[in-house]
Amino acid sequence: MLHRIVALVLVLAPTVAEAQLCEGQSAAISADGRAFGHLPYGDAPESELVTLPSEYSVGNPCVVRADMLPDLLRLFAAAQGDPSVMGQLRALSCQRSIARQRSVFCRGEISSAADRAISVAPPGYSEHSTGYALDFAVRPANGCPDAEACMAATPAARWLRLNAPRFGFEQSFPGGNKQHVKWEPWHWRWVGASGNARGAAKARFVFARARRLYPADPGVVPLVVKFSAPPPLPTPVAPPPSRSKKKRR
Ligand SMILES: [Zn+2]
């Protein structure tokens, strides 16, 4: 009998899932699949990746999904044409494979995975692996490092908030997000300005859980088509009394 009870308790006990991050370091996985707040994502297929022309990026070449490139180029062209931005917007970090993310996350001497996860998503839990996300930078930095409040206050970052959704981009991690990921004003993911845009359905599928549970801000809102209501039918009016002078019979 005791064996049965022990077996039953073991079966019913909540299992705590863990993800192996670095050698000897793992993270508890929450009920909705998150590690240190970050949702899980797979690698983009190599065949779907293209490189952004180098004039739009700083640092390493920026690799993104081919479906997202036209909107990204349109965004840069619009930013280039705005006098307050004047081409200061650049792509700093784009697609990163899970293997690359692991090498970034697991290097260095910072004490714990939890500490590292504040500024770098754990491998297998970064939107960057999908090829649909990128970090923008404002260059020249003019004494403003890539820090949240400083970047968010620049005209280029304000322009992004106002305009990026028009090109299908949304800010994944706004300040105070319930996902408990640090505010990242530079980090945007592409989901297409409309669900009918080329490749948008696939991107929206990848981010479906994130968008449902932790909406972006600003986000790409569903296209609302407003039909103009037809004019109301005229109320039937009783005809005026006949003024015929015919005599009644
Ligand atoms: Zn990012």
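Above this text you will find the structure in question.
Residues numbered from 1 in each chain as written. Predicted model: local features only at pLDDT ≥ 70, side-chain atom pairs only at ≥ 80, totals over all residues.

1. Here's the deal with the overall build of the protein
Applied cut-off: Each helix corresponds to a stretch of at least 4 residues labelled H or I by DSSP, and each strand to a stretch of at least 2 residues labelled E; elements are numbered beginning at the N terminus. Here a residue counts as buried when 20 or more other C-beta atoms sit within 10 Å of its C-beta, as exposed when there are 12 or fewer, and as partly exposed otherwise, the C-beta atoms being derived from the backbone. In this description, a residue-residue contact is defined by the distance between C-beta atoms placed from the backbone, which must lie within 7 Å.
Per the secondary structure count, the protein includes eight helices and eight strands. Counting every position in the protein, which comprises 249 residues, the buried fraction comes to 34%. Summarising the internal contacts of the protein: among those between residues at least 6 apart in sequence, 65% fall at separations of at least 24.

2. Thoughts on the pairing of strand 5 (residues 89–93)
How we decide: Only when DSSP finds a minimum of two bridges between them are two strands counted as paired.
Across the five residues of strand 5, four count as buried, placing the element largely inside the fold. Sheet analysis places strand 5 next to strand 6 (residues 133–138), joined by four bridges and oriented antiparallel. Paired with Ala 91 across the bridge in strand 6 is Phe 136.

3. A look at helix 2 (residues 69–81)
What counts here: One fewer than the residue count of a helix, multiplied by 1.5 Å, yields its expected span. The arc in question is formed by the directions pointing from the helix axis toward the C-beta atoms.
With 13 residues, helix 2 ought to run about 18 Å at 1.5 Å a step, and its terminal C-alpha atoms sit 18 Å apart, in line with that. If you check which residues of helix 2 are buried, you get Asp 71, Leu 72, Leu 75, Phe 76 and Ala 79. For helix 2, the buried positions fall inside an angular range of 140 degrees around the axis, keeping them on one side. Of the residues in helix 2, the exposed ones pointing more than 90 degrees away from the buried face are Ala 77 and Gly 81. Tucked into the core, helix 2 has its buried residues touching strand 4 (63–65), strand 5, helix 6 (155–163), strand 7 (169–171) and strand 8 (187–190).

4. Considerations on the environment of Asp 115
Summarising the element assignment, Asp 115 is placed in helix 4 (residues 113–119). Along the backbone, Asp 115 and Phe 36 are 79 residues apart, and their C-alpha atoms lie at a distance of 9.6 Å.

5. Focus: the sheet that holds strand 5
Strand pairing in a sheet is mediated by backbone hydrogen bonds. Such pairs are either parallel or antiparallel. Worth spelling out the cut-off: Every axis in this analysis is a line fitted to C-alpha atoms, fitted for helices over the stretch in contact. Angles between the N-to-C directions lie between 0 and 180 degrees.
With respect to topology, four strands assemble into an open sheet ordered 5-6-8-7, the strand pairing being antiparallel. Looking at the sheet topology across the chains shown, the edges are occupied by strand 5 and strand 7. For this sheet, the mean angle separating the axes of adjacent strands, direction not counted, is 45 degrees.

6. Some words on the environment of Arg 158
Within the secondary structure, Arg 158 sits in helix 6. A residue is classified by how many C-beta atoms lie within 10 Å of it, and Arg 158, with 14 of them, is partly exposed. Sequence-wise, Arg 158 and Ser 84 are 74 residues apart; in three dimensions their C-alpha atoms are separated by 9.6 Å.

7. Some words on the nonpolar core
To keep it simple, the criterion reads: Defined on buried residues, the nonpolar core groups Ala, Val, Leu, Ile, Met, Phe, Trp, Tyr and Cys residues joined through C-beta atoms within 7 Å.
In terms of nonpolar packing, the biggest core is built from 49 residues, with Val 64, Leu 75, Leu 89, Leu 134, Phe 136, Ala 156 and Ala 203 touching the most fellow members. Taken together, the elements giving at least two residues each to this core come down to helix 2, strand 5, helix 4, strand 6, helix 6, strand 8 and helix 7 (200–206). When residues of this core are assigned to their parent elements, the largest contribution, five residues, is made by strand 6. Look past the residues within four positions of Val 64 in its chain and what remains in contact with it is Leu 49, Val 50, Leu 52, Leu 69, Leu 72, Cys 94, Gln 95, Gly 131 and Leu 134.

8. A few points about unusual backbone geometry
Looking along the chain, the bond that leaves Arg 139 and enters Pro 140 is cis, with omega of 0 degrees. A positive phi is found at Met 86, a non-glycine position, where the angle reads about 50 degrees. Topologically, Met 86 is positioned in the loop between helix 2 and strand 5. Although it is not a glycine, Asn 142 sits at a positive phi angle of roughly 50 degrees.

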